[in-house]
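Read off the chains here:
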Amino acid sequence: MKALPRRGHYRCHGTTTTPNSQTRSICAAVTSTTPPAPEFPSIDQCQSYPPGNQHMSFKLVDRFESLDDRLLFTAQTGSTTVLVKFTRSYSPALHTLCHDLGHAPQLLGYQELSGGWFVVVMEFLEGWMHLYLLQLSDSQRFAAWEQIRTLADTFHKAGFVHGDLRTANILAPPGWDSTPTLPKLRVVDYDWGGVCGTARYPTPQLTSELLTRPRHTLDDLIITEEDDFQVLLRTFQILTPDIVME
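Quantities reported herein were computed from a predicted structural model and do not represent experimental measurements. (Residues numbered from 1 in each chain as written. Predicted model: local features only at pLDDT ≥ 70, side-chain atom pairs only at ≥ 80, totals over all residues. Heavy atoms only, no water.)

## A short note on the packing of helix α3 (residues 138–157) against helix α4 (residues 225–239)
At a closest axis distance of 11 Å, the pairing of α3 and α4 adopts a crossing angle of 175°. By the angle between their directions, the pair α3 and α4 is classed as roughly antiparallel. For the pair α3 and α4, contact is made by Arg-141, Ala-144, Trp-145, Ile-148, Arg-149, Phe-155 and His-156 and by Glu-225, Asp-228, Phe-229, Leu-232, Leu-233, Phe-236 and Leu-239, respectively. Here the residues of the contact of α3 with α4 are counted per class, giving 9 nonpolar, 1 polar and 4 charged. (Axes fitted to C-alpha atoms, helices over the stretch in contact; angles between N-to-C directions. Helix = DSSP H or I, 4+ residues; strand = E, 2+ residues; numbered from the N terminus. Parallel < 35°, antiparallel > 145°, perpendicular 65-115°, else oblique. Contact = heavy atoms within 4.5 Å. Nonpolar A, V, L, I, M, F, W, Y, C, P; charged D, E, K, R; others polar.)

Below, the structure is given as structure tokens:
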């Protein structure tokens, strides 16, 4: 997964016209009851989450955040808009824990596909924005830091790590920066997350924000609690260089 700039508003639509190998790989791995649109994986249902005998149906509508190379789509299930993601790894357990704590969109569907892919369906956060795009006061930035640091402490104690706690993966609801009570922020992107001691970075070729140790190698890709803390610390120090984060 490349760490590319994320487009600003969390409701942001785009289209692409040239099929890529990732999409063709998914299309070869699944069967759909309806013909796919160009560049769209051929899938229109998956197992509901939590796991059981139920399935949910959806229709892919648009490529989401088209400047990114992730396979992320808006979709309709009945009259509800959802977000559908195709990924090589995911931690539904960590996602669910963060949702139960009020800090993640609801996970609605999750299923392992053939060919090493997973499909993930989640709540679509209408109007939410990436934290780094908001014009926040120092006190608001510190409040955001406290929220996410406390969340990380909680899931670390539960035995999980996230791996990518940059502000591109922290979302704020509409009007968050003008609300005195500062509602809970949401954390997204659980692709690298998982059980501490097992979850790994997919490559040693990490961006500078994620290089928490002198050098990650193929033999040293385990994500640690300290990695999470250092990424979060570095991110908020960039946002608020004059405030000491502890």
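## Quick notes on the pattern of salt bridges
Throughout the structure, instances matching the rule amount to 5 salt bridges. A salt bridge links Lys-85 to Asp-189, with the shortest nitrogen-to-oxygen separation between them at 3.3 Å. Of the two residues, Lys-85 sits in strand β6 (residues 80–87) while Asp-189 sits in the loop between β12 (186–187) and β13 (194–195), which places them 104 residues apart along the sequence. With a relative accessible area of 7%, Asp-189 lands in the buried category. Note that Asp-138 is salt-bridged to Arg-141, the shortest N-O span being 3.2 Å. In this pair, Asp-138 and Arg-141 are both assigned in helix α3, 3 residues apart and thus about one turn of the helix distant. Residue Asp-138 is classed as partly exposed on the basis of its relative accessible area of 39%. Judged by its relative accessible area of 17%, Arg-141 falls in the buried class. The structure contains a network of salt bridges with shared partners spanning Lys-85, Asp-189 and Asp-191. (Salt bridge = Lys/Arg side-chain N within 4 Å of Asp/Glu carboxyl O. Buried < 20%, exposed > 50% of the residue type's maximum accessible area, 1.4 Å probe, protein only.)

## Description of α4
If you check α4, its first and last C-alpha atoms are 21 Å apart, about what 15 residues at 1.5 Å a residue would give, namely 21 Å. Elements in contact with the buried residues of α4: α3, β10 (160–161) and β11 (170–172). (Expected span 1.5 Å × (residues − 1).)

## Remarks on the pairing of strand β5 (residues 71–77)
Most of β5 sits out of view: 5 of its 7 residues are buried. Sheet topology places strand β4 (residues 59–64) next to β5; 4 bridges connect them, and they run antiparallel. Looking at β5, one finds that Arg-63 is bridged to Phe-73. Judged from the 7 bridges that link them, β5 and β6 form a sheet pairing that is antiparallel. Bridge assignment links Phe-73 to a residue of β6, and that residue is Val-84. Where β5 hands over to β6, the hairpin turn is made up of 2 residues, of which Gly-78 adopts a positive phi near 65°. (Pairing = 2+ DSSP bridges.)

## Overview of the nonpolar core
Leu-131, Phe-155, Ile-170, Trp-176 and Leu-185 are the most contacted members of the largest nonpolar core, which totals 35 residues. Those elements that provide at least two residues to this core are α2 (92–100), β7 (107–112), β8 (118–123), α3, β11 and α4. Contact partners of Leu-185, with chain neighbours within four places excluded, come to Gly-102, His-103, Leu-131, Ala-144, Gln-147, Ile-148, Ile-170, Leu-171, Ala-172 and Trp-176. Ranked by size, the runner-up nonpolar core spans 16 residues in total, among them Ile-43, Phe-58, Val-82 and Leu-113. (Core = buried A, V, L, I, M, F, W, Y, C linked by side-chain atoms within 4.5 Å.)

These values are about where atoms sit, not about what they do.
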